[in-house]
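Working through the structure, step by step
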Amino acid sequence: MVKNTGRPGYLQIADDLRDQIRRGSLAPGDPLPSTTQLATAYDASLSVVKLAVGVLRNEGLVIGQQGKGVFVRDDTAPAPPASDDLTEIRATIRDLSERLARVESTLADRQ
């Protein structure tokens with residue numbers, strides 16, 4: 001399901017899961033499918049899926065419960081606090097994603 005669009009696969013997966021959450025297909029309190037199930041569904045590696053779920057965690061859309069899984073955050077649950085460090089990490093990830101997209105695009109053009 002991940003397409004060769006120049007946009008990193010983990011962002012494509014995060015976008016799709018985010019849309020499912022906003023549409024209500026994944027409702028507050030619902031568990032996300034397991035990493036393995038998501039990797040199979042999106043035809044992606046486990047590490048790519050973990051990055052996608054990490055994006056959603058950083059956005060406060062999902063929360064992990066040790067030993068239980070990752071769940072869509074209930075609107076009444078407190079969102080993780082925004083910090084300067086988190087803002088810097090997001091900016092770094094965005095920059096790295098853009099750089100990776102350029103590299104992938106250059107490699108695709110050479111083939």
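Residue numbers here run from 1 along each chain, matching the order of that chain's written sequence. Restriction of local features to residues with pLDDT of at least 70 applies here, the model being predicted, together with a cutoff of 80 or more for giving and counting side-chain atom pairs; totals for whole chains, interfaces and linings are based on all residues. Computation of side-chain values covers all heavy atoms of the structure but excludes hydrogens and water.

So, the overall build of the protein chain
By definition, any uninterrupted DSSP run of H or I lasting at least four residues is a helix, any uninterrupted run of E lasting at least two residues is a strand, and each is numbered from the N terminus. On a plain count of helices and strands, the protein chain comes out with 4 helices and 2 strands. Helices and strands in the protein chain line up, N terminus first, as α-α-α-β-β-α. With the principal axes as the frame, the protein chain shows a C-alpha extent of 50 × 35 × 25 Å. The rule is simple: take the accessible area with a 1.4 Å probe, protein chains only, and divide by the maximum for that residue type; under 20% is buried, over 50% is exposed, in between is partly exposed. Taken over 111 residues, the protein chain has a buried fraction of 29%. In the protein chain, once contacts between residues fewer than 6 apart in sequence are set aside, the share between residues at least 24 apart is 56%. Areas reported here follow the Shrake-Rupley algorithm with a probe of radius 1.4 Å; residue values treat only the protein chains shown as occluding. Entry remark: accessible area of the protein chain is about 7,500 Å², with carbon and sulfur atoms responsible for 52%. When the 14 positive and 15 negative side-chain charges of the protein chain are each reduced to one mean point, those points stand 2 Å apart. Throughout, a residue-residue contact means that at least one pair of heavy atoms, one from each residue, lies within 4.5 Å. Charge counting follows a simple rule: Lys and Arg are positive, Asp and Glu are negative, and His as well as the terminal groups are ignored. A single reference atom marks each charge: NZ on Lys, CZ on Arg, CG on Asp, CD on Glu.

Notes on the side chain of Ser-97
In this structure, Ser-97 sits in helix α4 (residues 84-110). A polar contact of 2.3 Å, which involves the side chain of Ser-97, links it to the side chain of Tyr-10. The term polar contact refers here to a pair of N or O atoms within 3.5 Å; inside protein, the definition further demands a hydrogen-donor-capable atom paired with an acceptor-capable atom, and it admits residues adjacent in sequence only when both atoms are side-chain atoms.

Comments concerning the environment of Asn-58
With respect to the element layout, Asn-58 can be found in helix α3 (residues 46-58). Separated by 30 residues in sequence, Asn-58 and Pro-28 place their C-alpha atoms 16 Å apart. Ignoring any residue separated from it by four or fewer positions in sequence, one finds Asn-58 in contact with Leu-86 and Arg-90.

Let's talk about the packing of helix α2 (residues 35-42) against α3
Where α2 contacts α3, the axes come no closer than 9 Å and their chain directions differ by 105 degrees. It follows that α2 is roughly perpendicular to α3 by the angle criterion. Every residue of α3 that contacts α2 at Thr-35, Thr-36, Leu-38 and Ala-39 is listed here: Leu-46, Val-49, Lys-50 and Val-53. Here the term charged refers only to Asp, Glu, Lys and Arg, the term nonpolar to Ala, Val, Leu, Ile, Met, Phe, Trp, Tyr, Cys and Pro, and the term polar to all other amino acids, Gly among them. Residues of the contact of α2 with α3, tallied by class, amount to 5 nonpolar, 2 polar and 1 charged. The angle between two axes is taken between their N-to-C directions and runs from 0 to 180 degrees, where each axis is a line fitted to C-alpha atoms and a helix contributes only its stretch in contact. In this scheme, roughly parallel covers angles under 35 degrees and roughly antiparallel covers those over 145, while 65 to 115 is roughly perpendicular and the rest are oblique.

Overview of the packing of helix α1 (residues 9-23) against α3
A pair of packed helices is characterised by two quantities: the angle between their axes and the separation of those axes. One way to put it is that α1 packs onto α3 with a least axis distance of 8 Å and a crossing angle of 50 degrees. With respect to each other, α1 and α3 are oriented oblique. As α1 runs across α3, the sense of the crossing is right-handed. On α3, the residues touching Gly-9, Tyr-10, Leu-11, Ile-13, Ala-14, Leu-17 and Arg-18 of α1 are Val-48, Val-49, Leu-51, Ala-52, Val-55 and Leu-56. Split by residue class, the contact of α1 with α3 holds 11 nonpolar, 1 polar and 1 charged. Crossing chirality is assigned from the near helix's rotation relative to the far helix, an anticlockwise turn below a right angle marking it left-handed and a clockwise turn marking it right-handed.

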